[in-house]
2 protein chains.
Amino acid sequence: MTKNKLKEVAMRLFGEKGYEGTALSEIAKEVGVKTPAIYAFFENKEDLFMTVFREAMQSYNTYIQELSEEQKVLSAQESLRGILSRQYEFYQKSPEASKIVLRYVVFPPAFLKETIEEAFLESDAMLTKSIEQFISKGMEEGVIRDQSVQLLADAFLNLMDGLSMQYFYYTSKGIYERKLNHAFEMYWKGASS
Amino acid sequence: MTKNKLKEVAMRLFGEKGYEGTALSEIAKEVGVKTPAIYAFFENKEDLFMTVFREAMQSYNTYIQELSEEQKVLSAQESLRGILSRQYEFYQKSPEASKIVLRYVVFPPAFLKETIEEAFLESDAMLTKSIEQFISKGMEEGVIRDQSVQLLADAFLNLMDGLSMQYFYYTSKGIYERKLNHAFEMYWKGASS
DNA sequence: CCTACCGATCGGTAGG
DNA sequence: CCTACCGATCGGTAGG
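Residues numbered from 1 in each chain as written. Chains lettered and ligands numbered in written order. Predicted model: local features only at pLDDT ≥ 70, side-chain atom pairs only at ≥ 80, totals over all residues. Heavy atoms only, no water.

> Give me the UniProt feature "domain: HTH tetR-type" (unreviewed entry) in chain A: which residues, what numbers.
When the UniProt feature table is mapped to this numbering, "domain: HTH tetR-type" (unreviewed entry) covers residues 1–60 of chain A. As a span, residues 1–60 of chain A carries 67% helix and 0% strand, and end to end its C-alpha atoms are 23 Å apart. (UniProt positions renumbered as here; feature names shortened; annotations may be inferred. Helix = DSSP H or I, 4+ residues; strand = E, 2+ residues; numbered from the N terminus.)

Spelled out as structure tokens, the structure:
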């Protein structure tokens with residue numbers, strides 16, 4: 001399917017070289033078609049971009065959200081730690097999707113700033129909710145110290161954001177894993193009873 | 001001075017719209033000259049970009065580093081918290097410099113990936129050193145629990161990275177400040193004796 | 001999905 | 001710092 005190949009290549013190139021840094025001719029060439037072929041499947045460049053961006057965001061959300069349901073048996077500590085592992089897995093499994101999501105959530109091109117902001121806020125709200133549930137559960141069970149849930153959730157989201165950035169600029173797997181472990185270890189010290 | 005105006009406008013536009021998303025003609029127009037005038041001051045587009053990127057990175061480093069010297073009288077807690085305030089101040093004071101630094105440290109264009117990586121690693125090492133000093137001091141004074149300095153430093157750097165990202169996608173000042181305060185509060189709970 | 005094509009704009013140079 | 005200019009490439013269309 002040419003359409004899927006186009007989306008695949010577009011996602012990688014947009015993520016790596018940016019929207020303006022990627023020519024439709026490059027995408028077409030890698031797929032093995034001529035540039036005008038793209039217009040048989042997508043309205044224009046913006047449409048192609050938004051399509052792959054949405055799919056990337058969607059697959060990230062789904063991947064993180066699945067865990068929230070899977071792991072309801074686990075302890076609060078394991079669940080929170082599980083979110084971090086899950087995020088890390090997604091980065092490794094789908095580096096193209098990860099890159100385009102991070103890149104354009106932080107630096108949206110002007111023409112779709114609002115659209116992206118909406119999509120992000122929705123995803124952020126969902127994630128926050130899951131995290132707050134894990135935290136509340138942990139507090140009820142007495143493994144998390146009784147304190148503001150918002151405080152704990154904000155700090156955890158900050159931790160996740162930090163790890164997102166670090167994944168992309170620390171190229172070494174070993175260093176990244178140490179950072180991840182250390183960040184969570186410290187978090188847990190502050191959170192646990 | 002036309003050269004300074006060119007750098008100023010270039011920094012802002014490169015930060016906002018990206019390298020490929022910014023045409024030399026736009027920069028020239030805002031400054032009030034014609035495109036070829038740029039070549040009287042810079043070799044080419046890459047040279048202009050690297051010049052402003054370097055200056056932005058430099059001013060960030062200097063701003064953060066100055067604090068390390070200023071605040072030697074402060075407690076460990078105040079010093080660490082001071083780094084976060086200082087970073088926040090820089091974002092507010094120099095949004096253009098901040099944006100271009102963050103953008104290109106995480107997503108360098110291919111032609112200067114190595115140069116930027118070097119610059120970043122040097123800056124990262126400096127910052128790590130300052131943080132480790134504050135932590136060690138805190139441990140000696142007994143306000144920070146006796147534990148691995150690397151653990152504490154990694155978690156603190158993670159916190160700073162998270163705040164960097166969040167500054168750019170949470171547009172509300174109030175929310176950002178809450179996130180900052182919460183992130184540090186949790187950090188300090190895990191770190192302190 | 002292709003060939004043929006186009007207007008607009010890009011970074012950049014010559015010569016002053 | 002400007003005018004005049006250029007080759008290359010961009011996103012996109014017509015017509016099949």
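> Can you tell me about the environment of A:S123, naming the residues and giving the values?
Residues and elements named next belong to chain A. Here S123 shows up in helix α6 (residues 113–140). The buried category is assigned to S123, whose relative accessible area is 10%. Between the alpha carbons of S123 and Y176 there is a distance of 24 Å; along the sequence they are 53 residues apart. Not counting residues up to four positions away in its chain, the partners in contact with S123 are M57 and N61. (Buried < 20%, exposed > 50% of the residue type's maximum accessible area, 1.4 Å probe, protein only. Contact = heavy atoms within 4.5 Å.)

> Requested: an account of a negative patch on the surface, with residues and values cited.
Residues and elements named next belong to chain A. Where like charges cluster on the molecular surface, the negative patch consists of E114, E117, E118 and E122. Locating E122 in the fold gives a position in helix α6. Residue E122 is classed as exposed on the basis of its relative accessible area, which comes to 55%. (Patch = residues over 30% accessible without salt bridge, like charges linked within 9 Å, V, L, I, M, F, W, Y side chains within 5 Å. Areas by Shrake-Rupley, 256 points an atom, 1.4 Å probe, with all protein chains shown as cover. Salt bridge = Lys/Arg side-chain N within 4 Å of Asp/Glu carboxyl O. Lys, Arg positive; Asp, Glu negative; His and termini not counted. Charge placed at Lys NZ, Arg CZ, Asp CG, Glu CD.)

> Give me the UniProt feature "DNA-binding region" (unreviewed entry) in chain A: which residues, what numbers.
What UniProt calls "DNA-binding region" (unreviewed entry) maps, in this numbering, to residues 23–42 of chain A. Helix and strand shares over residues 23–42 of chain A are 40% and 0% respectively, and the end C-alpha atoms of the span are 15 Å apart.

> An account of the protein's contact with DNA strand C is requested, with residue identities and associated values reported.
Taken together, 15 residues are adjacent to DNA strand C, and A:T2, A:K34, B:L24, B:Y39 and B:K45 come closest. Taking all atoms of DNA strand C within 4 Å of the protein, the share assigned to sugar and phosphate is 69%. A distance of 2.8 Å is found between a phosphate oxygen of DNA strand C and a side-chain nitrogen or oxygen belonging to B:Y39. Between DNA strand C and B:K45, the relevant distance is 2.8 Å, taken from a phosphate oxygen to a side-chain nitrogen or oxygen of the residue. Split into classes, the residues belonging to the surface near DNA strand C amount to nine nonpolar, four polar and two charged. (Near = heavy atom within 4 Å. Polar contact = N/O pair within 3.5 Å; in protein donor to acceptor, adjacent residues only side chain to side chain. Nonpolar A, V, L, I, M, F, W, Y, C, P; charged D, E, K, R; others polar.)

> Tell me about helix α5 (residues 95–106) of chain A, residues and numbers included.
Along an α-helix, residues three or four positions apart point the same way, because every turn accommodates 3.6 residues. All names here are of chain A. The first and last C-alpha atoms of α5 sit 17 Å apart over twelve residues, in line with the 16 Å expected at 1.5 Å per residue. Where burial is concerned, most of α5 is hidden: nine out of the twelve residues are buried. Within the span of α5, buried status applies to A97, S98, I100, V101, L102, R103, Y104, V105 and V106. (Expected span 1.5 Å × (residues − 1).)

> Tell me about the protein's contact with DNA strand D, and name the residues and values.
Surrounding DNA strand D, one finds 15 residues, the nearest of these being A:L24, A:Y39, A:K45, B:T2 and B:K34. Here the atoms of DNA strand D within 4 Å of the protein split so that 69% fall in sugar or phosphate, with bases taking the remainder. A distance of 3.5 Å separates a phosphate oxygen of DNA strand D from a polar atom in the backbone of A:T22. Taking A:S25, its side chain carries an N or O atom lying 3.2 Å from a phosphate oxygen of DNA strand D. In terms of residue class, the surface near DNA strand D is built from nine nonpolar, four polar and two charged.

> Requested: an account of the pattern of salt bridges, with residues and values cited.
The final tally for this structure, using the stated rule, is twelve salt bridges over all chains. When the shortest N-O distance is used, the salt bridge between A:K17 and A:E26 registers 2.6 Å. When its relative accessible area of 31% is taken as the criterion, A:K17 is described as partly exposed. Exposure remark for A:E26: the relative accessible area of 26% places this residue in the partly exposed category. Here the residues in one salt-bridge network are A:D154, B:R178 and B:K179, joined through shared partners.

> Tell me about the packing of aromatic side chains, and name the residues and values.
For any pair of aromatic rings, geometry is given as the distance between the ring centres together with the angle between the planes. Residues and elements named next belong to chain B. For the structure shown, the criterion picks out 42 aromatic pairs over all chains. Centroid distance Y19 to F49: 5.3 Å. Interplanar angle 80 degrees. Geometry classified as edge-to-face. Separated by 30 residues along the polypeptide, Y19 in the loop between α1 (2–17) and α2 (24–31) and F49 in helix α3 (residues 45–70) bring together distant segments of the chain. Taking relative accessible area as the criterion, Y19 reaches 9% and is therefore assigned buried. With centroids separated by 4.9 Å and ring planes inclined at 80 degrees, the aromatic side chains of F49 and Y104 adopt a geometry described as edge-to-face. (Phe/Tyr/Trp six-rings, centres within 6.5 Å; stacked < 30°, edge-to-face > 60°.)

> So what's going on with the relation of the copies chain A and chain B? Residues and values would help.
Superposing chain A onto chain B takes a rotation of 180 degrees combined with a translation of 0.0 Å along the rotation axis, leaving an RMSD of 0.0 Å. Interpreted geometrically, this transformation is the action of a two-fold axis. (Least-squares fit on C-alpha atoms with pLDDT ≥ 70 in both.)

> Explain helix α4 (residues 76–93) of chain A to me, using residue names and the numbers behind them.
Relative to the 26 Å expected for 18 residues at 1.5 Å per residue, α4(A) spans 25 Å between its end C-alpha atoms, a close match to the ideal helical length. Within α4(A), the full set of buried residues consists of A:A76, A:S79, A:L80, A:G82, A:I83, A:L84, A:R86, A:Q87, A:Y88, A:F90 and A:Y91.

> Hey, could you go over the environment of A:F42 for me, with residue numbers and the actual values?
Residues and elements named next belong to chain A. Among the structural elements, F42 can be located in the loop between α2 (24–31) and α3 (45–70). In the structure, F42 is positioned 39 residues away from K3 in sequence and 8.8 Å away in space, judged by C-alpha atoms. The contacts of F42, once residues within four sequence positions are left out, are K3, L6, K7, D47, L48 and T51.

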